[in-house]
Amino acid sequence: MSVEINQLTTEKRNPNTMHLDQMSVGQVLELMNKEDQQVPEAIAKALGQIEAAVEMIIQSLKVGGRLIYFGAGTSGRLGVLDAAECVPTFGVSPDLVVGLIAGGDKAMVEAVEGAEDSLTLAEEDFKKLNLNAKDTVVGIAASGRTPYVIGGLQYAQSIGAKTVSIACNQQAKISRFAQIPIEVDCGPEVLTGSTRLKAGTAQKLILNMLSTVSMIGIGKVYQNLMVDVQATNEKLEERSKRIIMAATECTYEDAASYFEAANQNVKVAIVMILTNLDATEASQKITAANGFVNKVIK
């Protein structure tokens, strides 16, 4: 291990967990839980940078750009996960929020040798996506020094795309290549160097913020309801009806009826109920309001 890596917080030994192998199961669980409580506290210190990143992402989405996460290993997997979950939650196209992992789909379930060490692989991945200046890319690396992420941020900058980085070490290398660097230090891991633990939790919480608040910013939420949810299965059909009930205080029967009349579009059903418009008129009003239900019914 190089001296440089040895200085990373994510690689240091945690003095509180030096005797893991001698502890009871209950003791280890209690210790892990206590260590995990450091994560939200670390993120709180970076809320200003996260806010700036969200504003940047919203601007990209409003002008037809995309949100693209990329990283290697656990960091890459978390980005792919967050991107995938935006589709059913917010009813967006899989092309709007994209997750890339060094080594491609195979790397989701097994290590791809050397992929994260390439400075050019992310550029190749971005070119396949036709990355452009409207897009915002978010490079994720717990260590803050992954070559795949550094190379990707450099390429994104070179074509004018907006750049954000997420690292779990202070003064991270990737921060030098991002317009908005986000750095959170959660302290050494319970299991030395296992960044799928506290660092992974921190990354997941930040990605939750970036995607959720960005989607609120482009009209995908009414009150605190996911009104663009896609009813792709029975559970989501029932959730859609409950959302309509919560937004309008109507009965289950009315919610089900309007849901079908709106061609299973939750937003349209809500506006129909609250404004007495038909489905076509409600849809037109929503489009004119750029998807914001609160602007239609105010």
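Right above here is the structure, for reference.
To start, this report covers the structure provided alongside it. (Residues numbered from 1 in each chain as written. Predicted model: local features only at pLDDT ≥ 70, side-chain atom pairs only at ≥ 80, totals over all residues. Heavy atoms only, no water.)

Brief notes about the pairing of strand 4 (residues 162–167)
Moving on, step 1. Burial within strand 4 is extensive, with five of its six residues counted as buried.
Moving on, step 2. On the question of chirality, the crossover connecting strand 3 (residues 136–141) to the parallel strand 4 by way of helix 7 (residues 147–158) is right-handed. (Buried < 20%, exposed > 50% of the residue type's maximum accessible area, 1.4 Å probe, protein only. Helix = DSSP H or I, 4+ residues; strand = E, 2+ residues; numbered from the N terminus. Right-handed = clockwise from strand over helix to strand, strands pointing away.)

Description of the environment of Arg66
Moving on, step 1. Relative to the assigned elements, Arg66 resides in the loop between helix 4 (47–62) and strand 1 (67–71).
Moving on, step 2. Each C-alpha atom of the pair Arg66 and Asp135 lies 4.7 Å from the other, and the pair is 69 residues apart in sequence.
Moving on, step 3. Looking at Arg66, its side chain comes within polar contact range of the main-chain oxygen of Leu129, at 2.9 Å.
Moving on, step 4. Within the structure, Arg66 has its side chain in polar contact with the backbone oxygen of Asn130 (distance 3.2 Å). (Polar contact = N/O pair within 3.5 Å; in protein donor to acceptor, adjacent residues only side chain to side chain.)

What to know about the pairing of strand 2 (residues 97–101)
Moving on, step 1. Burial of strand 2 is extensive: four of the five residues sit out of reach of the surface.
Moving on, step 2. As judged from the five bridges shared by strand 1 and strand 2, these two strands associate in the parallel manner. Opposite Phe70, over in strand 2, you have Leu100 as the bridge partner.
Moving on, step 3. Taken together, strand 1, helix 5 (residues 73–90) and strand 2 form a β-α-β motif whose crossover is right-handed. (Pairing = 2+ DSSP bridges.)

Looking at helix 2 (residues 25–36)
Moving on, step 1. Here helix 2 is twelve residues long and its end C-alpha atoms lie 16 Å apart, about the 16 Å a rise of 1.5 Å per residue gives.
Moving on, step 2. Those residues of helix 2 that sit buried are Val28, Leu31 and Glu35. Taken around the axis of helix 2, the buried residues stretch over an arc of 65 degrees, which confines them to a single face. In helix 2, those exposed residues whose orientation departs by more than 90 degrees from the buried face are Val25, Leu29, Glu30 and Lys34. (Expected span 1.5 Å × (residues − 1). Arc of directions from axis to C-beta.)

Observations concerning the packing of helix 4 against helix 8 (residues 198–217)
Moving on, step 1. Contact geometry of helix 4 with helix 8 gives a least axis separation of 9 Å together with a crossing angle of 45 degrees. Overall, the two elements helix 4 and helix 8 adopt an arrangement that is oblique. Two packed elements cross with a definite hand, and for helix 4 against helix 8 that hand is right-handed. Touching Leu47, Ile50, Ala53, Val54, Ile57, Ile58, Leu61 and Lys62 of helix 4 are Ile206, Met209, Leu210, Val213, Ser214, Met215 and Gly217, all from helix 8.
Moving on, step 2. Residue composition of the contact of helix 4 with helix 8, by class: twelve nonpolar, two polar and one charged. (Axes fitted to C-alpha atoms, helices over the stretch in contact; angles between N-to-C directions. Parallel < 35°, antiparallel > 145°, perpendicular 65-115°, else oblique. Left-handed = near helix turned anticlockwise from the far one by under 90°. Contact = heavy atoms within 4.5 Å. Nonpolar A, V, L, I, M, F, W, Y, C, P; charged D, E, K, R; others polar.)

Overview of unusual backbone geometry
Where the residue is not glycine, phi is negative for most of them; where a peptide bond is considered, it is trans in most cases.
Moving on, step 1. Despite not being glycine, Gln223 has its phi angle at roughly 55 degrees, a positive value.
Moving on, step 2. Tracing the backbone through its elements, the reader meets Gln223 in the loop between helix 8 and helix 9 (234–248).
Moving on, step 3. Its identity is not glycine, yet Gln264 carries a phi of approximately 60 degrees, on the positive side.
Moving on, step 4. Position of Gln264 relative to the elements: it lies in the loop between helix 10 (252–261) and helix 11 (266–275).
Moving on, step 5. Taking relative accessible area as the criterion, Gln264 reaches 30% and is therefore assigned partly exposed.

Describing the sheet that holds strand 5 (residues 180–183)
Moving on, step 1. Spatially, five strands are ordered 2-1-3-4-5 in an open sheet, and the strand pairing comes out parallel. The open sheet is flanked by strand 2 and strand 5, the only strands paired with a single partner. Direction aside, neighbouring strands of the sheet carry axes that sit 15 degrees apart on average.
Moving on, step 2. Both strand 4 and strand 5 contribute to a ladder of four bridges, which runs parallel. Pairing of Ala167 across the sheet is with Glu183, part of strand 5.
Moving on, step 3. Each of strand 1, strand 3, strand 4 and strand 5 touches helix 4; the most contacted strand, strand 5, lies at about 135 degrees to it.
Moving on, step 4. Docked against the sheet, helix 5 engages strand 1, strand 2 and strand 3, running at close to 160 degrees with respect to strand 2.

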